[in-house]
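Now for the letters of each chain:
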Amino acid sequence: MGADSKTGEEEKQNGNSFDVNDYTIIKEGDAEILMHAKNEVFYNKTQVNNRDMSIAVLRTFISQRKQEHEAMLARRRTKAANKVLDAKAENPGYSVQHNGESNDGSEVMEDTSNGESCSISEEQTKNPRGKGREELKPPRVLEALSASGLRALRYAREVEGISQVVALDNDKASVEACRRNIKFNGSVACSKVESHLADARVYMLTHPNEFDVVDLDPYGAPSVFLDSAVQSVADGGMLMCTATDMAVLCGGNGEVCYSKYGSYPLRGKYCHEMALRILLASIESHANRYKRYIVPVLSVQMDFYVRVFVRIFTSASDMKNTPLKLSYVYQCTGCDSFHLQTVGRTVSKNNSVRYLPGFGPAVAQECSDCGKKFNMGGPIWSAPIHDQEWVAAILADVKSMKERYPAYERISAVLTTVSEELPDIPLFLSLHNLCATLKCTSPSAVIFRSAVINAGYRISGTHVNPLGLKTDAPMDVIWDIMRCWVKNHPVKAQPSEQAGSVILAKEPVLQANFSRAVASLSKAQAKKVARFLPNPERHWGPKLRAGRTITSKHVSLLGPRALNAINNDENGDGSNHEDVEEEQPAAKRKKTEESDS
């Protein structure tokens, strides 16, 4: 507990109706929260990765925001000085008036008289009439769905430079818990964090352009909050958004995904990256309605969810480029081939740009590799999903203060892998899927990467899948490499109508070179830096929604021991409650015992 936190006795003396001894104290980072044994307010231990990543991005955002503001001031000073010099050169009698306007009516910074030379100083940038010249205010953060308030408290206590964190929830028990936790965390939290009982959608709509950072982390789909969230973010601010409805985004319910996000998912090996790109396309669509557009800074798939960090800007002209950043995806039903078709294109003529529909179709009715039909999905965000300069800055910040991140190992591994991704290549191939199509043994990733590099193309891994490979090599080159591999590693005869048989029946145009390429290993692999870490404990994943009764059927989420502890606590000494493991079917109990051993 922090030095400025109050004890349970002090809380009672101040008139509060709770006793710290009735709660479990959970510490994460510099924040502490009080959690009751009952599932009244949602708290998810597994989201420590999410919270740590958000804090790292927020620290970098504050630093970058300050640099951008200083650069803007420097440009304005230079522009104002050049304007004055040009005016003096054209008109030797030019002087600056006391009312802040020059002879030609243009706005300037300072009064000059008595023949003094005009100079631009720091004080001159404080003219209130000059847009953007005022001092940069500390950022305000809105956590739209706060629950226990742990995230808001960590922002306030761990991120330097934040002026205020507004925590919202429309559940009375959650707001009471959040306010209790604010007091429990002492003076710093009390001065910076506010908790309100409100519908996040209404609150954000009634506070447009007010927050520099808006954090959306709902239990499920964020789609109902996006329209109001993109309006609440200030120009140049950041929207942090989580989606945990992965079954929907990854193609389990395509029609539901289309109704929520306006995009149809495909069930390829790249489905988790496609989920990221569907969410980005949806945010862009909502932003466009208000002459705004997004610039992704970091987009990650971790654990059981996707999380995107995007900056939002206002510009009616730049908004027109949105169709160039969106694409439809054609996925072959017979092999691993996929192709992208952009929604729009531009034509430049005489210093003007025309925006036109994209050319199509991108593929024939039948796959040129195996002859099967295509499924069509999208539209998805096909522009870069990361800013590599930001990723490098975030990773450097994380490494410089590793002791302040409880989930340091996991987030540094994810950021390291993200930093080595090809930024301009949407989606990825699965080497094992390619080999499954051909029914052949798989080459090692190093051998396959070497063949692609030796053919003159780029290739990298992806943070989404340890076996995924991003490359700018077209599918016919990929299949030629695999044909050459199969010639050296023959396969058994397969029925002629199968996709693999059709592919192998063609002679390769490209003769693959499988000799080891220098760049076939990533820098992280060469340095033996961890890129993919296992879950830290069993039953790692999403926990129950707040308010649900915890029963034995939730053993797969919480684990037998945790479930026993909760139920025993609810029954006092646990004497009237049957052991959870006794309630399990015999086969399931046996399997659990074997895995424990």
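The structure this text deals with has already been given above.
Heads up: these notes are all about the structure in this document. Owing to the predicted nature of the structure, the values given are computational and were not obtained by experimental measurement.

### Some points on the packing of helix α7 (residues 223-232) against helix α10 (residues 271-288)
And step 1. Two numbers describe how α7 lies on α10: the axes approach to 9 Å, and their chain directions differ by 45°. It follows from the interaxial angle that α7 and α10 lie oblique. For the element pair α7 and α10, the recorded crossing hand is right-handed. From α7, S223, L226, D227 and V230 reach across to α10, where they touch S282, I283, H286 and A287.
And step 2. Of the residues contributing to the contact of α7 with α10, the split by class is four nonpolar, three polar and one charged.

### Notes on the sheet that holds strand β16 (residues 459-460)
And step 1. Strand order in this open sheet of three strands is β15-β17-β16, and the pairing throughout is antiparallel. Only two strands of the sheet have a single partner each, and these edge strands are β15 (429-430) and β16.
And step 2. In this structure, β16 lies alongside strand β17 (residues 468-471), joined through two bridges in antiparallel fashion. Within β17, the residue paired with I459 across the bridge is T471.

### A look at unusual backbone geometry
And step 1. A cis amide bond links G360 with the next residue in sequence, P361, at an omega value of 0°.
And step 2. Residue position: P361 is located in the loop between β13 (352-357) and β14 (374-381).
And step 3. Of note, the amide linkage connecting G378 to P379 takes the cis form, showing an omega dihedral of 5°.
And step 4. Note on placement: P379 falls in strand β14.
And step 5. At K291, a position not held by glycine, the phi torsion is positive, near 60°.
And step 6. Mapped onto the elements, K291 comes out in the loop between α10 and β8 (292-302).
And step 7. Although it is not a glycine, L427 sits at a positive phi angle of roughly 65°.
And step 8. Within the secondary structure layout, L427 lies in the loop between α12 (408-419) and β15.
And step 9. Taking the relative accessible area as the measure of exposure, L427 reaches 1% and is therefore buried.

Quick notes on the rules
- Residues numbered from 1 in each chain as written.
- Predicted model: local features only at pLDDT ≥ 70, side-chain atom pairs only at ≥ 80, totals over all residues.
- Heavy atoms only, no water.
- Axes fitted to C-alpha atoms, helices over the stretch in contact; angles between N-to-C directions.
- Helix = DSSP H or I, 4+ residues; strand = E, 2+ residues; numbered from the N terminus.
- Parallel < 35°, antiparallel > 145°, perpendicular 65-115°, else oblique.
- Left-handed = near helix turned anticlockwise from the far one by under 90°.
- Contact = heavy atoms within 4.5 Å.
- Nonpolar A, V, L, I, M, F, W, Y, C, P; charged D, E, K, R; others polar.
- Pairing = 2+ DSSP bridges.
- Buried < 20%, exposed > 50% of the residue type's maximum accessible area, 1.4 Å probe, protein only.

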